[in-house]
Structure formats: structure tokens, C-alpha cells
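# Overview (structure and organization)
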There are 2 protein chains.
Amino acid sequence: MKCKRCREKAEVALRAHNAAFCRPCYLGYFRRQVERAIEGARMFTKDERLLLAVSGGKDSLALWDVLAELGYDVTGFYLAQGIGEYSALSRTKVEAFAATRGFRLEIGDLEQEGPGLAVPDVARLTRRPSCSACGTLKRYSFDRAAHAGGFDVLVTGHNLDDEAARLLGNVLRWQTDHLARQRPVLEPTHPKFVRKVKPLYLLSEYETAVYAFMRGIDYVVDECPNSVGATQLVYKEALNRLEAESPGTKQSFVREFVRRVQPALAEPAIAEHTDPNACVRCGMPAWGELCGFCRLVDEVTTKRARRTSAAPAA
Amino acid sequence: MKCKRCREKAEVALRAHNAAFCRPCYLGYFRRQVERAIEGARMFTKDERLLLAVSGGKDSLALWDVLAELGYDVTGFYLAQGIGEYSALSRTKVEAFAATRGFRLEIGDLEQEGPGLAVPDVARLTRRPSCSACGTLKRYSFDRAAHAGGFDVLVTGHNLDDEAARLLGNVLRWQTDHLARQRPVLEPTHPKFVRKVKPLYLLSEYETAVYAFMRGIDYVVDECPNSVGATQLVYKEALNRLEAESPGTKQSFVREFVRRVQPALAEPAIAEHTDPNACVRCGMPAWGELCGFCRLVDEVTTKRARRTSAAPAA
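Here's what I pulled together on the structure shown here. (Residues numbered from 1 in each chain as written. Chains lettered and ligands numbered in written order. Predicted model: local features only at pLDDT ≥ 70, side-chain atom pairs only at ≥ 80, totals over all residues. Heavy atoms only, no water.)

### Considering the pairing of strand β3 (residues 49-53) of chain A
The side chains of a regular strand alternate between the sheet's two faces. Residue and element names in this part refer to chain A. Formally: Burial classification: accessible surface area is computed with a 1.4 Å probe over protein chains only, and a residue below 20% of its type maximum counts as buried, one above 50% as exposed, and the rest as partly exposed. Only runs of H or I of at least four residues qualify as helices and only runs of E of at least two qualify as strands under DSSP, and these elements are numbered from the N terminus. Whether two strands pair comes down to DSSP finding at least two bridges between them. Throughout, right-handed denotes a crossover for which the path from the first strand over the helix to the second runs clockwise when the strands point away from the viewer.
With four of five residues buried, β3 is to be regarded as a mostly interior element. Alignment of β3 against strand β4 (residues 73-80), held across five bridges, turns out to be parallel. Opposite R49, over in β4, you have D73 as the bridge partner. Handedness of the β3-helix α2 (residues 58-69)-β4 crossover: right-handed. Across three bridges, β3 lies against strand β6 (residues 153-155) in parallel orientation. The residue of β6 that forms the bridge with L50 is V153.

Next up, the structure:
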């Protein structure tokens, strides 16, 4: 098999694109795809300050690498979630990655935020599924860090497989409100929010893994232990079967949705979501008096207090 | 496990409905579901004359059985497609079913229509996929039979699995024109067409199979030999995995689409499809001079003539 661009021996084949590349041409291809996504959807410019949410996985680290190569003004933000070994390992990988390359990195830490705010504790205390607790905590922390640091854009490493699985889930239940917000660029709905973008939304998990491997990026290979059995993985598996049968399925599913269907759905749902209040405690956007994060903190505090008073003396 | 209605020993469990039934209660449940679909979507009334497309499979025979039980004025229409043993067997089953119960049955036969019009011949001569050739031939034959016989409604046995697989295929490619016409009731777009309805669109393959078994209906168990490897089956398999993970997935996927999403898509596409001409040869609706069927007949005739003249004398 020969490289599509230079005709040298190919190292990677992309069935969805009916193409194969040698290593240098693949790296160029991958960067061009990211650049094209950024420019095509007008995600951000080189004058804007980007905050990139990094988990230590292949997607966020590969994206950080590409954005820096392309000359964007990017700062990493890692949120320590207190998920045992997994969090400890991912933090080490992120810090080593940033240090080696001299990249700016900010760290948030849920356990420092307050007692009982690590994801497993919140899940246990509030009897929420871990992924739901984690979602609330992450969204808030990212939003606040972007606002506090004066960033223009919040960037995440969601890839094509993530977006296709999310789209499939939303479509199977026809969650039109979620569909209305599933876009690679979300303009802020409040002055304290910043634009949110996903430059990898058309690049597959396989493509980012190959990029990370070729660039010698040392990333956390294991999935989050809480994701085991998550519905998202069932959707990914179903899509992988369909992709194997008909390469390109995931790409056209997501791309055509964003291009042709999403615009028709977007309008009304946005209108419903404008103008939240400010949280009376932290000042971030809120639908009631308190924002979702501060409500969660209160719930955790109350439940911890009840447990402590109910527990027999040690 | 006990019957949900009468508390006797249950014979069938429906995970999607979180219910189990004994035999008499299941038969009642199934008939009620069909009735509810007919009434809920205003498919037809007892004053209207129905032509039911019957293939000899479980869906169409089970539906015929239910419609007759419910007192509808229904006539079966079987189209012999010339697919070897499969067609021969299905015709025998349909004729035996109708004869035993004293049901009215009309028979169409593609091979009688003209030389080379059996599905395998058309596919070979015109180099079309069998399912595409079959679709054109069937649609036309059903439409013409309904018009010629003065029927009010054309009824088909498409079940939930068929509709969910079709919906998934349309959604994966975002074929908005197809989505706009995927409904359980299609009003005619031309005076020579009749209303088309699918009373089983919310009943699964499993549910109709159980009904057919309990009623002792002798149906063709094998799938059409041309369907092996069809993309539709890959979609069905993917949906069966998702259904196993989360029972009720197929039902809500199709039901919510029809209820909430389809109406938003329907308008423009219908407008594009109004007012076809009449075919100058057969008088059925056509987008050009000839209808799709008559064009296909011409193509077959020309290609057969070329083959015959090119063949060496036997």
C-alpha cells in the first residue's frame, strides 16, 4: 500500500477516506483536518486565547500538540476529579506532557474545592450516576476557569466517535433539545460563558490514536473506570459495526447532521435557554437562585453532616 | 411469571413493555395494539375497502388474520416475483392460508406481465441490485392493483423492526427527503394512488412471530434469498443490540420520530412530489412521459432483444 500523497510506503490506512499515508504525510493530513475544522466552522482565530480541557487521554493531548504546532495561543486546563488511581495517573501524564513541551497548564482540583466534592464522593452522597455527577462538576469548573482566566474560547477534545455516539443516543430518543445544542461551535448564552468548540469532531478515535502514537505522546490508555458499561460505549460499539460494514458512516452521520439538519433544529431551543440569572453565591449563570454546582455543594454538605452525626463515634 | 391481565401463567414476556401474557390475553393485546395503531393514526375505517399486500411471511399473514377478526373489509394481494423456490413456496402458503379461511385473494404475476420481468431477470438484465428492481416492480404492481380494483387503502405488513431499520438508515445518511415520507399513513399524492398504511409499525418482529405461532399460521420462515447481506439486516442487528441493552429503544425511536420529528420534516418534501403526469402507456402516475415501471419494461425488452441477436445459434 502506498501513501496517497507521496507514493512512499504507507503506514496507516483510512478506510472511511479510502486513503493511506506514510508517517510524515499522515501528520500533515491530521493537522490539515484540524485546521479545516477550525476554519470551516469559524471556531477561533490566532488572536484569541484558548483554554483547552485536557484529561490526559489521546484526544486532548493530540489536540494540544496540534494547536501548539499551528501557532494558536492555548493553555491547558486539567481538572483533578479524585477518581483514585485513574485520576492520579492522568494528572501525572498531563503534567509531564506540559513540562516536556513547555506548555502552559492550569490545574483545578475538586477535592480542594471542598470536602466530599471528589466525583466518587458526590456520586455516593447524592446517589447520582458517576457520569452525571462528573458532568455537572466538569462543566462548571471548565466554565468558571475560562471566565476567571479571561479566555475567549473553551476547547474540548471530543472526537468523531464521541460525537457520533452522542448523536445516536439523542436520535434514538429524539431528544430535540439536546440535538439543538449538538454543534461543533456553541456561542455563549451568557456573558460569563465563553464559546465552546470541538476541533476534532470529524476525526475518529482511531485517527487521533494514530496521531498520538506517531508523535510519541504518552497518554492514559485506560478509559475512566466509571465508563464501564456506560450506554455511550454500547452506542460506540453499534456504530463501529455499521462503520465496518460501510466505511464513512460515522463521518457522514455527524457531518450531514451538523450541515443540514442541525440548523433547522437550533433556533427555538436557543431562545429557551437565554438569559439565566447569576448565582447569588458564586456569580456564575444560574436558572434559579443558585447555580447547579452550588446546589450540588449544598446537597453534599448537608448529606455529609447527616452521615457524620448519624455515624457511631469511631 | 404471571400474565399481566389475568394473573394466570404467562406464556410470553415482552421486555420492551415490561409485561407478560398468557395466550388468550396476548392475542387480545396484539389485536388491541393493531386497532390502536389504526385508530390512533386514522388509517382507515370499516367502510373502506382495503387491499393488503401479502408475501406469505408472518407479518402480512398475521395482519390479515387480525384485520379479518376485527371485521375490516380486506382483500389480499399476492405478487408472484419469480424468485425460484422462495416465490413458489410463498405463493403456496398464501393460497392455502386464504383458502382455509375463505379470504378473498388476488394474484399478480410478474412473469405473466411480460418476458424477462421476474425479479432475478430484471436484476440481471438491467444490472440493478435485486432489492432495487423488486422495489420498483412491487410498488407499481401494488399501486396499479389498488387503483384497478377500486380499493380505498393499500395496507402493508411492515413491522417495528422494518421501520426502525429504515429510520436508522435514513438518519445515518440524513436523507431528509426519505425521512419526510416515512410515516405510518401516507395520503395519496395523485388521484390514481390510494392511501398507504402500516398498522404493524409499532409491533416488533418478535411480537408478530408470537402472534402467528399462537394462531397456528403456517408462514414462510425463510427470508427472501436476495436479502442476505442486505444493509437493512445490518441495521436490524445493530438495533437488536441496542434493544437488548435498553428494552423499548426501537419503539421509542420510531414512535417519537413519527409523533414529534416527522411533522416538522413532512411539509416541503410533499410539495415537491405533487402533480406527476400520467404515463402515456399505462396511465399510472409518471414523472416523465413513461412511468418507472414502463421504462423498466422497455429497458428489459431492449436488452433481451440485444442478447438474443448477439447469442450464437443454439
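### Some words on the packing of helix α6 (residues 130-148) of chain B against helix α12 (residues 292-310) of chain B
All names here are of chain B. To keep it simple, the criterion reads: Each axis is a line fitted through C-alpha atoms, and for a helix only the stretch in contact is used; angles between axes span 0 to 180 degrees, taken between their N-to-C directions. Angle categories: roughly parallel below 35 degrees, roughly antiparallel above 145, roughly perpendicular from 65 to 115, and oblique for all the rest. For a crossing to be left-handed, the near helix must be turned anticlockwise from the far one by less than a right angle; the clockwise case is right-handed. Residues are treated as being in contact if the distance between any of their heavy atoms lies within 4.5 Å. Gly counts as polar in this scheme, as do all residues outside two lists: the nonpolar Ala, Val, Leu, Ile, Met, Phe, Trp, Tyr, Cys and Pro, and the charged Asp, Glu, Lys and Arg.
Where α6 meets α12, the axes come as close as 9 Å, and the angle between the chain directions of the two elements is 130°. The pairing of α6 with α12 is recorded here as oblique in orientation. Judged by the sense of rotation from one axis to the other, the crossing of α6 with α12 is left-handed. Residue-level inspection shows T136, L137, Y140 and R144 of α6 in contact with α12, the latter providing G292, F293 and L296. Taken together, the residues of the contact of α6 with α12 break down into four nonpolar, two polar and one charged.

### Remarks on the interface of chain A and chain B
Interface extent is often summarised as the accessible area lost during association of the parts. Keep this limit in mind: Two parts lose some accessible area (1.4 Å probe) when they are put together, and adding that loss for both gives the buried area. Whenever two N or O atoms come within 3.5 Å, that pair is a polar contact, provided that in protein one can donate a hydrogen and the other can accept it, and provided that, for residues adjacent in sequence, both atoms are side-chain atoms.
Facing the 22 residues of chain A at the interface are 22 residues of chain B. Carbon and sulfur atoms supply 71% of the area buried between chain A and chain B, which totals about 2,000 Å² over both sides. The largest share of the area that chain A buries against chain B comes from L172, W174 and L242 of chain A, three residues that together contribute 36% of it. Counting across the interface, chain A meets chain B through 10 residue pairs in polar contact (both at pLDDT 80 or more). Element by element, the count of residues in the side of chain A that touches chain B is highest for helix α10 (residues 231-245) of chain A, at eight residues. When its residues are assigned to classes, the side of chain A that touches chain B shows 13 nonpolar, three polar and six charged.

### Some words on the relation of the copies chain A and chain B
To be explicit about the condition: Superposing copies: least-squares fit, C-alpha atoms only, residues required to have pLDDT of at least 70 in both.
Superposition record for chain A on chain B: RMSD 0.0 Å, screw rotation 180°, translation along axis 0.0 Å. Here the transformation between the copies is reduced to the relation of a two-fold axis. Using C-alpha coordinates, one finds that chain A approaches the rotation axis most closely at A238 of chain A, a distance of 2.7 Å. Of all interface residues in chain A, 100% are interface residues in chain B too; the two copies therefore contact each other through one and the same surface.

### Some details on the side chain of R195 of chain A
Residues and elements named next belong to chain A. Mapped onto the secondary structure, R195 falls in strand β8 (residues 195-197). A distance of 3.0 Å separates a polar atom in the side chain of R195 from a polar atom in the side chain of E48. Beyond its immediate stretch of four places on either side in the chain, R195 contacts M43, F44, E48, D152, V153, L154, V185, L186, E187 and P188.

### Some points on α2 of chain A
Residues lying three or four places apart along an α-helix face the same way, a consequence of the helix completing one turn every 3.6 residues. Residue and element names in this part refer to chain A. Going by this rule: Under the convention used throughout, the expected extent of a helix is 1.5 Å for every residue step, that is, one less than its residue count.
The end-to-end C-alpha distance of α2, which contains 12 residues, comes to 16 Å, matching closely the 16 Å that a straight helix rising 1.5 Å per residue would cover. In terms of burial, α2 is largely enclosed, as 10 of its 12 residues are buried. Three or more residues of α2 are buried, namely K58, D59, S60, L61, A62, L63, W64, D65, V66 and L67. Just downstream of α2 lies G71, where phi reads positive at about 85°.

### Observations regarding a positive patch on the surface
Definition in use: Patch members must show over 30% relative accessible area and no salt bridge, and they are joined within 9 Å when carrying like charges or within 5 Å when they are nonpolar side chains of Val, Leu, Ile, Met, Phe, Trp or Tyr. The accessible surface values rely on the Shrake-Rupley method and a 1.4 Å probe; as for residues, cover is taken only from the protein chains in view. Between Lys or Arg on one side and Asp or Glu on the other, a salt bridge is scored when a side-chain nitrogen of the former is within 4 Å of a carboxyl oxygen of the latter. Two residue types count as positive, namely Lys and Arg, and two as negative, namely Asp and Glu; His and chain ends fall outside the count. Where a charge lies is defined by one atom per residue type, namely NZ (Lys), CZ (Arg), CG (Asp) and CD (Glu).
Judged by side-chain charge, K4, R5, R32 and R36 of chain A come together as a positively charged surface patch. Considering the arrangement of structural elements, one finds K4 of chain A in the segment before β1 (12-14).

### Describing the sheet that holds β8 of chain A
Residue and element names in this part refer to chain A. Pairing is mixed across the open sheet formed by six strands, whose spatial order is β5-β4-β3-β6-β8-β7. Across the chains shown, the open sheet's two edge strands, defined by having one partner strand only, are β5 (105-109) and β7 (185-186). Direction of pairing for β4 relative to β5: parallel, over a ladder of five bridges. Along β5, the bridge assignment pairs A80 with D109. Of the strands in this sheet, β4 and β5 are in contact with helix α3 (residues 84-101), which crosses β5 at around 165°. Relative to the sheet, helix α6 (residues 130-148) contacts β3, β4, β6 and β8, its axis offset from that of β4 by approximately 140°.

### Describing the packing of aromatic side chains
We apply this condition: Classification of ring pairs rests on two measures: the distance between centres of Phe, Tyr or Trp rings, Trp counted by its six-membered ring, which must be within 6.5 Å, and the angle between planes, read as stacked under 30 degrees, edge-to-face over 60 and tilted in between. As a reminder, the over-ring test applies to NZ of lysine and CZ of arginine, requiring each to be within 6 Å of the ring centre and within 35 degrees of the ring normal.
On inspection of all chains with the given rule, the structure shows 26 aromatic pairs over all chains. Consider the rings of F77 of chain A and F142 of chain A, whose centres lie 5.7 Å apart with planes at 85°: the pair is edge-to-face. Separated by 65 residues along the polypeptide, F77 of chain A in strand β4 and F142 of chain A in helix α6 bring together distant segments of the chain. Just as F77 of chain A is buried, F142 of chain A falls in that class too. Taken together, the ring pairs connect F21, Y26, Y29, F30 and Y211 of chain A into an aromatic cluster. Looking at R144 of chain A, its charged tip hangs above the ring of F293 of chain A, at a distance of 5.8 Å from the centre. Lying over the aromatic face of F193 of chain B, K196 of chain B brings its terminal NZ or CZ to 5.3 Å of the ring centre.

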